[in-house]
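Residue-level listing of the chains:
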Amino acid sequence: MPLLLRNRGAVLLLIFNIFLVFTGVGLVVPIMPTYMTELHVSGSLMGLLVASFSLTQLIFSPLAGRLSDSLGRKRIIVAGMILFALSEWLFGAASTPLLMFVSRMLGGIGAALIMPAVMAYAADVTSVEERGKGMGFINAAITTGFIIGPGIGGFLAEYGIRVPFYSAAVAGAIAAVLTFLVLPESRTAEKLTSSTPVLMKKQSLITQLVHSYREPYFLSLIIVFVMSFGLSNYEQIFGLFVDHKFGFTPKDIAIIITFGSIAGAVVQVTIFGWILNRFGEKRVISFCLIIAGLFVLLTLFVNSYFLIITVTFIVFLSIDILRPAIGTQMSKMAHEQQGYVAGLNSAFTSLGNIAGPVIAGFLFDMNINYPYAAAAFVLILCFVLSLQAGRGMQAACENA
C-alpha cells in the first residue's frame, strides 16, 4: 500500500490509466460483429483494422520512449490519454471503414505514448527491491483490463452500439485531466537535460531496431518479441482450435481464458515481487519460458475439458509472470534511459502482436496443430538462448 500512495498516489494513478486503456481496447471485442454488419466490413478488412493498432504502436513506441526521457513522463502520459479519448470517440462516431482505421491508428499512437512512459515512471519511483512489485501492479492492470473490457463493452452496448466507445472517451478525458492535475513529474530538470545527447543518437525506428543487438538487454527484447508472438498466436487460434477439435462453445472459451487471466493478475498483485526477489529475474524468465513452451505443446495432446482448463491456466500464468519479469530486468539495465528502453520493449511487443496472428492464421489453414507446434518450438528455443546469455544479462542487472 505505501508504494501505491507514494508521490500523491502516482503508482495508483498509473495503474488506473493503463487499466483504462486496455479496457478500452477490449471494448471492441463483443461489438465488432455488429459493426461489421452495420458498415459492411469484410473479415479480412477487420483483421487489417486490428493490425493497424499494433502497427502504429510499433512505429511510435521508440519515439515516445525517447520523448518521455527528454520531455518528462507526465506530459507524454497526458498526451497519450488525450489521443486515447479522441480515438474512442471517433470510433463511436465512425460511419465508414476509413474513420474506423483512423480511430484505431490514433489509439495505437496513444498506447505507444502511454505504455513506455508508464513503465519508465514506475521504474523512476521504485527502488530496485520494489521494481518487480511495481511492474507486477502495472501488468496486472493490463491483464485485468483485457478481461473486463469485453464484459463492459457487452453491457454498455445494451444502451446503444456506440455507447461503450463514448463512455471510454469520457473516462479517458477525465483520466487525462486527473493526471495533469495530480501526477508529479518523476524526472528532475537535471535528468531531462542530461538525456538530450543520448536521444540525438537515435533518430529512427529502423535505426533503433537494427542497433538494438548491441545493447545488453537485446536478448530481453528477443524474448519480448517471442512472448508476444507466442501469446498472440495462442490466443488468436485458441477459439478456433478448441471449437474445431473439441466443439467448445463461446461460453466455454470465455470461461477458460478468463480463469487463466484472473489467476495471472492475482499473482502479479500479490506474490510477484517476492518471486523476483527470491529467485531473480534470470531464473524466473527461463523457468516461465520452458513451462510455457512445454504446456503450449501439451495442448496438442490433451482431450478433455478439465485438462484444457489446466493446461491453458498454466500457459496464461507463466506468460503473466514472464511479462513483468522481463520488464523489471530491462528497467534495471536501462539506467537513465528508462523511457528509451521501455519504448523498445513496446515496439518489440507490437512486432510480436502483428506477426503472431498473421503466421498463426496461415499455419492453421495448413494444419490445425501447426500454430501451437510452432509457438512451442519458438518458446523452447528462446529458453535455450536465455540460458546461454544469462550471465551477461545478470551482470548488467547487478551493475544497475
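The structure under discussion appears in the preceding block.
Note that the structure is predicted; figures quoted are calculated from it, not measured.

Draft legend 1. The overall build of the chain, seen in detail. Of the regular secondary structure elements, the chain holds 17 helices and zero strands. Burial statistics for the chain: of 400 residues in total, 54% are counted as buried. For the chain, the share of sequence-separated contacts (at least 6 apart) that also reach a separation of at least 24 residues comes to 86%. With the model as given, the accessible surface of the chain reaches about 16,900 Å², and the carbon-plus-sulfur share is 71%.

Draft legend 2. Quick peek at the side chain of E88. Examined against the element boundaries, E88 turns out to sit in helix 3 (residues 73–93). Exposure remark for E88: the relative accessible area of 2% places this residue in the buried category. If sequence neighbours within four positions are ignored, E88 has contacts with G24, L27, R104, F165, A168 and A169.

Draft legend 3. Focus on the environment of T34. Mapped onto the elements, T34 comes out in helix 1 (residues 2–38). In sequence terms T34 and I161 are 127 residues apart; their C-alpha atoms lie 8.0 Å from each other.

Draft legend 4. View of the packing of aromatic side chains. Counted according to the given criterion, the structure contains three aromatic pairs. Plain terms: the ring middles of F155 and Y159 are 5.9 Å apart, the flat faces sit at 75° to each other, and that makes the pair edge-to-face. A relative accessible area of 61% places Y159 in the exposed class. Measuring from ring centre to ring centre gives 6.1 Å for W274 and F279, while their planes differ by 90°; the resulting arrangement is edge-to-face. Residue classification places W274 among the exposed positions, given a relative accessible area of 54%. The ring of F180 has K74 sitting right over it, with the charged end atom 5.5 Å from the ring centre. When the ring centre of F91 is taken as reference, the NZ or CZ atom of R104 above it lies at 4.5 Å.

Draft legend 5. Up close: the packing of helix 3 against helix 6 (residues 163–182). Contact pair helix 3 / helix 6: the axes reach a minimum separation of 8 Å and the direction vectors enclose 165°. In terms of orientation, helix 3 and helix 6 fall into the roughly antiparallel class. Helix-helix and strand crossings are classified by hand; for helix 3 and helix 6 the assignment is left-handed. Between helix 3 and helix 6, the contacting residues are K74, I77, V78, M81, I82, F84, A85, E88, W89, F91, G92 and A93 on the first element and F165, Y166, A168, A169, G172, A173, A175, A176, T179 and F180 on the second. Taken together, the residues of the contact of helix 3 with helix 6 sort by class into 17 nonpolar, three polar and two charged.

Draft legend 6. Up close: the pattern of salt bridges. Evaluation of the coordinates by the stated rule reveals three salt bridges. The closest approach of N and O atoms between D69 and R73, which form a salt bridge, is 2.7 Å. Relative accessible area serves as the criterion here: at 0%, R73 is assigned to the buried category. With a closest N to O distance of 3.4 Å, R104 and E88 form a salt bridge. Placement of R104 in helix 4 (residues 97–124) and of E88 in helix 3 is noted, with a sequence separation of 16 residues between them. Each of the two residues, R104 as well as E88, counts as buried. Taken together, the shared-partner salt bridges in this structure form one network comprising D69, R73 and D124.

Draft legend 7. Geometry of the nonpolar core. If you look at the biggest cluster of nonpolar residues, it comprises 51 residues, and the most contacted ones within it are I223, L289, V296, L322, I326 and Y372. Counting residues per element, the ones that place at least two in this core are helix 10 (218–246), helix 11 (250–270), helix 12 (272–279), helix 13 (281–298), helix 14 (305–334), helix 15 (338–366) and helix 16 (370–388). Not counting residues up to four positions away in its chain, the partners in contact with L289 are I223, L322, L379, C382, F383 and S386. Counting residues in hydrophobic clusters, the runner-up holds 36 residues, among them L14, V21, A122 and A141.

Draft legend 8. Quick look at the side chain of S52. In this fold, S52 is placed in helix 2 (residues 43–71). Residue S52 is classed as buried on the basis of its relative accessible area of 7%. When near neighbours in sequence (up to four residues on either side) are disregarded, S52 contacts F101, R104 and M105.

Draft legend 9. View of helix 6. Taking 1.5 Å per residue, 20 residues should reach 28 Å; helix 6 reaches 28 Å between its end C-alpha atoms and fits that length. Turning to helix 6, its buried residues are P164, F165, A168, A169, G172, A175, A176 and T179. All buried residues of helix 6 lie within an arc of 135° about the axis, which places them on one face of the element. Opposite the buried face of helix 6, by more than 90 degrees, sit the exposed residues V170 and L181.

Criteria and cut-off values
Residues numbered from 1 in each chain as written. Predicted model: local features only at pLDDT ≥ 70, side-chain atom pairs only at ≥ 80, totals over all residues. Heavy atoms only, no water. Helix = DSSP H or I, 4+ residues; strand = E, 2+ residues; numbered from the N terminus. Buried < 20%, exposed > 50% of the residue type's maximum accessible area, 1.4 Å probe, protein only. Contact = heavy atoms within 4.5 Å. Areas by Shrake-Rupley, 256 points an atom, 1.4 Å probe, with all protein chains shown as cover. Phe/Tyr/Trp six-rings, centres within 6.5 Å; stacked < 30°, edge-to-face > 60°. Lys NZ or Arg CZ within 6 Å of the ring centre and 35° of its normal. Axes fitted to C-alpha atoms, helices over the stretch in contact; angles between N-to-C directions. Parallel < 35°, antiparallel > 145°, perpendicular 65-115°, else oblique. Left-handed = near helix turned anticlockwise from the far one by under 90°. Nonpolar A, V, L, I, M, F, W, Y, C, P; charged D, E, K, R; others polar. Salt bridge = Lys/Arg side-chain N within 4 Å of Asp/Glu carboxyl O. Core = buried A, V, L, I, M, F, W, Y, C linked by side-chain atoms within 4.5 Å. Expected span 1.5 Å × (residues − 1). Arc of directions from axis to C-beta.

The quantities given are spatial measurements derived from coordinates; they are silent on function.
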